[in-house]
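In case you want the letters, here they are:
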2 protein chains.
Amino acid sequence: MKPARKAKPTIRDVAAAAGVSVGTASRAFNRAGRVSDAAIEAVQAAALRLGYAPDAIAQSMRTRTSGVVGLLVSDLANPLYARIVNAVEARLQRDGYALLLANTHNDSRHERAMIDFFRRRRVDGLILGPCESERPEMLDALLAQDLPVVALDRDFGPAGSGVHVDHFHGALQATRYLLNLGHTRIALMTPGQTLRPGRERIAGFTDAFAERGLKPEPKLIRAERSAMEFAFSEALALLSSAEPPTAFVCLGTRILAGVLQGLRHAGRSVPDDVSVISVGDTDLSQLFSPAITSLTWDFEAVGTAAAELMLKRLPPAAAGQAVEPERIVMTTQMVLRESCGPQTASRPAKAPSARARQVAKK
Amino acid sequence: MKPARKAKPTIRDVAAAAGVSVGTASRAFNRAGRVSDAAIEAVQAAALRLGYAPDAIAQSMRTRTSGVVGLLVSDLANPLYARIVNAVEARLQRDGYALLLANTHNDSRHERAMIDFFRRRRVDGLILGPCESERPEMLDALLAQDLPVVALDRDFGPAGSGVHVDHFHGALQATRYLLNLGHTRIALMTPGQTLRPGRERIAGFTDAFAERGLKPEPKLIRAERSAMEFAFSEALALLSSAEPPTAFVCLGTRILAGVLQGLRHAGRSVPDDVSVISVGDTDLSQLFSPAITSLTWDFEAVGTAAAELMLKRLPPAAAGQAVEPERIVMTTQMVLRESCGPQTASRPAKAPSARARQVAKK
DNA sequence: ATGAAAGCGCTAACAA
DNA sequence: TTGTTAGCGCTTTCAT
């Protein structure tokens, strides 16, 4: 049996049922212009009776706004990004905006394609997560077309709006902490040095050393990719080198797990052999033994702030007016736990035990 | 300085530039009907020159399809859901569909509102994640309007299509394993018994007991909410009861962390005092000491399958034809690790040590 | 194979 | 205050 599909009622149907013209019906819904209370009542009654809901596509066609914001993120499977996306969606939803979501897989060609795709769909604004390519020209092109853009942890030059995490001071603080504990052979692992977060972290890391007239060992800065498998093998390589690090700063969501696994394989214990600092206070950092000292920030706040930055330059808040670029900086904080210990002479970093070597081999 | 904003070219502009009519230009793009190669070439050249891209909104207006699929999920911040969403998006993107995403916060009123919202935006299809309310009437209403619906782990009656995880056999297997180890006081923690996953798990759990002529202790089945804070306090309450469980089956993403924390507070060790099984093989389960035995399944496959089920009933695959309902069942597998041990008489479950009591108190 | 024109559902001018 | 009408950009008959 095939149920008869009754066509969705249009505003014409409602107008007819209410005994008014389509213009009046439209005005009744939008409260625009002057409409009599009687008309409003009649129209709304008719709409209710017919189960009418305005067609967003047709509205977009006329008004040239879609009520949709596009969000481009490099990897939604990253739980930390997911929390940000979640917050963005919640805030946008509250103001009646919908969220069009796409993954760029951290590929700038792909990102470009998705931006075009979104623009064809007439998104009212674009929120861009961090990505390898940070080309200000791209932003100019977007802005020139009156498309509000908000960046997440990405530099777009002075014309760009966005919310940024203060990775510089975060890395600075974490590194100082380790330096104070006597460590000097500190490994820094962070995704992509071409991304803003990576650059900032490396800068903060280096500055902390510079404060004491030191320079970090370049070989200990690992800033290529963020996959856990990568972190694992990198950590292992680092640990079996001639002068292995005595501390790890793991500034990427999946990195901690890889490093911890590497440490386990190499038979090193935390914090006795090696100190560890992680990022983004997760279940793992809280429950691992020892609990991991973490550098973190408020992910929900990042998402909410990004959404609000966007909302501010969308109707009705921005009544067609261009809004000044604005950046919000989120600070990080360190959660001190048990994974860092002093680097003492009695713990020679150079000589992993025979047992450690054996475990590492298999 | 304000850059002159040049209006986006329309198909009229392209047609004019190519010296053809709009109809021909349209046909040239869509390869529909008969068009001369010369015309196609001229039109495409003009389009390229002008930087023309068809307006998706206007296309939707005419064709009555939007190229957008809506996805409703109860909690995107759940990392496991995020992985599913990621896979859905990737598969949809490959076929040129966009993803409109919204969070329902597991509230059925909210879900209803978002469905309406999506329908107003003329989504071509709807993918619905698990939610408290599983009302087949709702599905009927949707289907009657020719809106393809695919469910994720949610029962919609025989008319519904979807992908389902075999939580029943998963729970059965996990419980059998614990039963074989000699445990009988096994706590089951899973989100919502009104949700399909919760119901199935409870059924599998109960059946495993029934196989040996046993019945689970009802008080040890905790199926209310899934928040970690909840799991923590529930675990604590369970552990300090007169007859505490000797094993925990934690079937929710955030539950493991809460239970582990509860165990730590109560001073119990895993697996000596208490055995633990978790769900969805995470970093935490792999790296916790001892590593946690886990019940898991392929989350990416769930998302991909859902997307493909949807694609199958969307153009061009389904040329306006209704497609038979179809369900896909994903099997679970157990990853055996170190968190489960035998329940022996020498480990009395009833008497937590004085130290454990003290720790639990503070 | 191509052009002209209708019209998707709605809003916004303009008239009345 | 209300009705009428002209499009928004596109696809799709229907002639030619």
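See the structure shown above.
Described in the following lines is the structure provided in the data block. (Residues numbered from 1 in each chain as written. Chains lettered and ligands numbered in written order. Predicted model: local features only at pLDDT ≥ 70, side-chain atom pairs only at ≥ 80, totals over all residues. Heavy atoms only, no water.)

A few points about the overall build of chain A
Rules: Strands are runs of DSSP state E lasting at least 2 residues, helices are runs of H or I lasting at least 4, and numbering of each runs from the N terminus. C-alpha atoms define the radius of gyration in this analysis, and the globule rule sets the expected value at 2.2 Å times the number of residues to the power 0.38. Exposure categories follow from relative accessible area, calculated using a 1.4 Å probe and restricted to protein chains: below 20% of the type maximum is buried, above 50% is exposed, and the middle band is partly exposed.
Within chain A one finds 14 helices and twelve strands. Computed over its C-alpha atoms, the radius of gyration of chain A comes to 27 Å, more than 25% above the 21 Å expected for a compact globule of 362 residues. Its C-alpha atoms put chain A at 90 × 55 × 35 Å along the principal axes. Put simply, chain A has 362 residues, and 51% of those count as buried.

Considering the protein's contact with DNA strand D
Using the following cut-off: Consider each residue's heavy atoms; a residue with any of them within 4 Å of a molecule or strand counts as near. Polar contact criterion, stated in full: a pair of N or O atoms within 3.5 Å, where within protein one must be able to donate a hydrogen and the other to accept it, and residues adjacent in sequence count only if both atoms are side-chain atoms.
By nearness alone, 28 residues border DNA strand D, and Arg34, Ser36 and Arg62 of chain A together with Ile11 and Arg62 of chain B come closest of all. What you see for DNA strand D is that sugar and phosphate hold 56% of its atoms within 4 Å of the protein. At 2.5 Å, a side-chain N or O of Ser36 of chain A approaches a phosphate oxygen of DNA strand D. Within the side chain of Arg62 of chain B, a nitrogen or oxygen atom sits 2.6 Å from a base oxygen of DNA strand D. Per-element accounting of the surface near DNA strand D gives the leading share, five residues, to helix H4 (residues 56–63) of chain B.

As for the packing of helix H5 (residues 79–94) of chain B against helix H13 (residues 299–312) of chain B
All names here are of chain B. Condition: As a rule, the C-alpha atoms of each element are fitted with a line to give its axis, helices using only the stretch in contact, and angles between N-to-C directions run from 0 to 180 degrees. By the definition adopted for this analysis, an angle is roughly parallel if under 35 degrees, roughly antiparallel if over 145, roughly perpendicular if from 65 to 115, and oblique otherwise. We call a crossing left-handed when the near helix sits turned anticlockwise from the far one by less than a right angle, and right-handed when that turn is clockwise. The contact definition used throughout considers only heavy atoms, calling two residues in contact when any of these lie within 4.5 Å. Note on residue classes: Ala, Val, Leu, Ile, Met, Phe, Trp, Tyr, Cys and Pro are nonpolar, Asp, Glu, Lys and Arg are charged, and everything else, Gly too, is polar.
Viewed as axis vectors pointing N to C, H5 and H13 meet at an angle of 40°, and their least axial separation amounts to 7 Å. Relative to H13, H5 is oriented oblique. Read as a crossing pair, H5 and H13 show a hand that is right-handed. In contact with Leu80, Arg83, Ile84, Ala87, Val88, Arg91 and Leu92 of H5, H13 contributes Phe299, Glu300, Val302, Gly303, Thr304, Ala307, Glu308 and Leu311. Residue composition of the contact of H5 with H13, by class: nine nonpolar, two polar and four charged.

Digging into the protein's contact with DNA strand C
In the neighbourhood of DNA strand C, 26 residues make up the surrounding shell, with Ile11, Tyr52 and Arg62 of chain A together with Arg34 and Arg62 of chain B lying closest. By atom count, sugar and phosphate contribute 61% of the portion of DNA strand C lying within 4 Å of the protein. Ser36 of chain B places a main-chain nitrogen or oxygen 2.7 Å from a phosphate oxygen of DNA strand C. Between a sugar or linking oxygen of DNA strand C and a side-chain N or O atom of Arg64 of chain B, the distance comes to 2.8 Å. Going through the elements one at a time, helix H2 (22–30) and helix H4 (56–63) of chain A together with helix H2 (22–30) and H4 of chain B are the ones with two or more residues in the surface near DNA strand C. With five residues, the single largest contributor to the surface near DNA strand C is H4 of chain A. In terms of residue class, the surface near DNA strand C is built from nine nonpolar, nine polar and eight charged.

A word on the pairing of strand E9 (residues 275–279) of chain B
Residues and elements named next belong to chain B. For the record, the criterion: Here, a strand pair is defined by DSSP locating no fewer than two bridges between the strands. If you view a crossover with the strands going away from you and the path from the first strand over the helix to the second runs clockwise, you call it right-handed.
Counting buried positions along E9 gives five out of five residues, so the element sits mostly inside the fold. Covered by surrounding structure in E9 are Ser275, Ile277 and Val279 together with Val276 and Ser278, the residues of both alternating faces. With three bridges connecting them, strand E8 (residues 247–250) and E9 associate as parallel partners. Bridge pairing links Val249 to Ile277 in E9. In this view, the connection linking E8 to its parallel neighbour E9 by way of helix H11 (residues 255–265) has right-handed handedness.

Notes on the state of the cysteines
Residues and elements named next belong to chain B. Our working definition: The rule for a disulfide is simple: a pair of cysteine sulfur atoms within 2.5 Å.
Applying the stated criterion to the full structure yields zero disulfides over all chains. Cys340 forms no disulfide, and the closest cysteine sulfur to it belongs to Cys250, at a distance of 9.8 Å. Looking at Cys340, the relative accessible area reads 13%, which means it is buried.

Focus: the relation of the copies chain B and chain A
Applied cut-off: Residues below a pLDDT of 70 in either copy are left out; the C-alpha atoms of the rest, at least 70 in both, set the least-squares superposition of the copies.
For the pair chain B and chain A, the best superposition has an RMSD of 0.1 Å and corresponds to a rotation of 180° with a translation of 0.0 Å parallel to the axis. What the superposition gives is, in effect, a two-fold axis relating one chain to the other. By residue overlap, the copies meet face to face through one surface: 100% of the interface positions of chain B are interface positions in chain A.

Some details on the interface of chain B and chain A
Accessible area lost when the parts come together is the quantity often used to give the size of an interface. Rules: Here the buried area means the combined drop in accessible surface, using a 1.4 Å probe, for two parts upon being joined, counting both sides. Any carboxyl oxygen of Asp or Glu that lies within 4 Å of a side-chain nitrogen of Lys or Arg is treated as forming a salt bridge with it.
Of the residues lining the interface, 52 residues belong to chain B; the matching set on chain A comes to 52 residues. Approximately 4,800 Å² of surface area, both sides summed, lies buried where chain B meets chain A, with 56% of it carried by carbon and sulfur atoms. Interface area lost by chain B to chain A is led by Ile57, Arg120 and Leu287 of chain B, which between them contribute 16%. One can count two salt bridges joining chain B with chain A. With its nearest N and O atoms 2.4 Å apart, the salt bridge here joins Asp55 of chain A to Arg122 of chain B.

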